[in-house]
There are 2 protein chains.
Amino acid sequence: MSEDKKQISIAESKVMEALWRAYPLSAEDVTTDVAAEHNWSVGTVKSLLNRLLSKGAISAEKDGRRYLYTPVLSHDDYMTREGQGVLDRLFDGRVSAMLTHFSRHEKLSGDDIAELKKLIKELDNDE
Amino acid sequence: MSEDKKQISIAESKVMEALWRAYPLSAEDVTTDVAAEHNWSVGTVKSLLNRLLSKGAISAEKDGRRYLYTPVLSHDDYMTREGQGVLDRLFDGRVSAMLTHFSRHEKLSGDDIAELKKLIKELDNDE
DNA sequence: TTTTATTGATTACGTCTGTAAACATTATGC
DNA sequence: GCATAATGTTTACAGACGTAATCAATAAAA
């Protein structure tokens, strides 16, 4: 991914997800993969792939007469970027502020809390 | 806010922030408020206000010949919606998954962790 | 009363996005 | 060899978005 870090749109991210699941993939493979959630034509998928290529988020390698596409932007980097984006925008960049917000609005389930406790314990053990 | 819950764009959310800080405000007040971060013309702000009106995110009350604008969409609701949106999209809807991701990528500061511990303790006390 | 300033309403325009068709090229099947 | 299918490339279009100018109406100033 180049330094300019162009934004990936929602539809484009769905194509990225297909590639993150298993790569490299052809345009047809991607179309089939996302069909579970999006009834897109191959034309649509090709458009999205070409936009992602322009943005440097994926690379393409010729395979016979078709291309096989590979993610350049990693799933982890994308999650970090998007997650940090909303934290910066809405929660002073702090995940704890987001957690506080959700806990005050009863958005945390018992499972969530149990997992959080476990995670905090792990973080403690790491120190 | 009506049931359809139209999306608020980034620029529109900046206008919302001005209104959340202190309402009701006129178009000129908003322009002045956001000037710290955005050197927008009054025209731009009016456009954004009218879009927000169309989306039902704000309401307007006549004050002489101008309007004073008031948020309908609350800051808390917006934060919940946006936060949950990215959680749903990227983290299976779980804040703990997001936290796990950030902790694995060394994105949690010592302060973050201390706050999280405090929060978990508070959650424990709530039960 | 006329002119100017203020304010809302409307229009404008380039870029991005979602979706996909149209076109061009090449490989495959008959 | 010709027709068809596969695949890439390009074009298309409506709506959203960022930004702001233009137009219309009204109040205030001269």
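Caption draft 1: Spatial organisation of the packing of aromatic side chains. Following the criterion strictly, the structure yields four aromatic pairs over all chains and no others. Between tryptophan 20 of chain A and tyrosine 78 of chain A, the aromatic rings sit 5.5 Å apart at their centres with planes inclined by 40°, giving tilted as the arrangement. Taken together, the residues span a long stretch of sequence, with tryptophan 20 of chain A in helix H1 (residues 10-21) and tyrosine 78 of chain A in helix H4 (residues 75-90) at a distance of 58 residues. Each member of the pair tryptophan 20 of chain A and tyrosine 78 of chain A is classed as buried. Ring geometry for tyrosine 67 of chain B versus tyrosine 69 of chain B: centroids 6.4 Å apart, planes at 45°, classification tilted. By relative accessible area, which is 9% here, tyrosine 69 of chain B ends up buried.

Caption draft 2: Local environment of the relation of the copies chain A and chain B. The two copies are related by a screw motion: chain A maps onto chain B through a turn of 180° and a shift of 0.0 Å along the axis, at an RMSD of 0.1 Å. What the superposition gives is, in effect, a two-fold axis relating one chain to the other. Taking C-alpha positions as the reference, the residue of chain A nearest the rotation axis is valine 86 of chain A, at 3.8 Å. A share of 97% of the interface residues of chain A reappears at the interface of chain B, consistent with the copies meeting face to face through the same patch.

Caption draft 3: Structural view of the pattern of salt bridges. Residue and element names in this part refer to chain A. Following the criterion strictly, the structure yields 12 salt bridges over all chains and no others. When the shortest N-O distance is used, the salt bridge between glutamate 12 and lysine 55 registers 2.6 Å. In this pair, glutamate 12 is assigned in helix H1 and lysine 55 in the loop between helix H3 (42-54) and strand S1 (58-63), connecting sequence segments 43 residues apart. With relative accessibility at 2%, the residue glutamate 12 sits in the buried group. Across the salt bridge formed by aspartate 63 and arginine 66, the nearest N and O atoms sit 3.3 Å from each other. Residue aspartate 63 is classed as partly exposed on the basis of its relative accessible area of 34%. Looking at arginine 66, the relative accessible area reads 41%, which means it is partly exposed.

Thresholds, definitions, all that
- Residues numbered from 1 in each chain as written.
- Chains lettered and ligands numbered in written order.
- Predicted model: local features only at pLDDT ≥ 70, side-chain atom pairs only at ≥ 80, totals over all residues.
- Heavy atoms only, no water.
- Phe/Tyr/Trp six-rings, centres within 6.5 Å; stacked < 30°, edge-to-face > 60°.
- Helix = DSSP H or I, 4+ residues; strand = E, 2+ residues; numbered from the N terminus.
- Buried < 20%, exposed > 50% of the residue type's maximum accessible area, 1.4 Å probe, protein only.
- Least-squares fit on C-alpha atoms with pLDDT ≥ 70 in both.
- Contact = heavy atoms within 4.5 Å.
- Salt bridge = Lys/Arg side-chain N within 4 Å of Asp/Glu carboxyl O.

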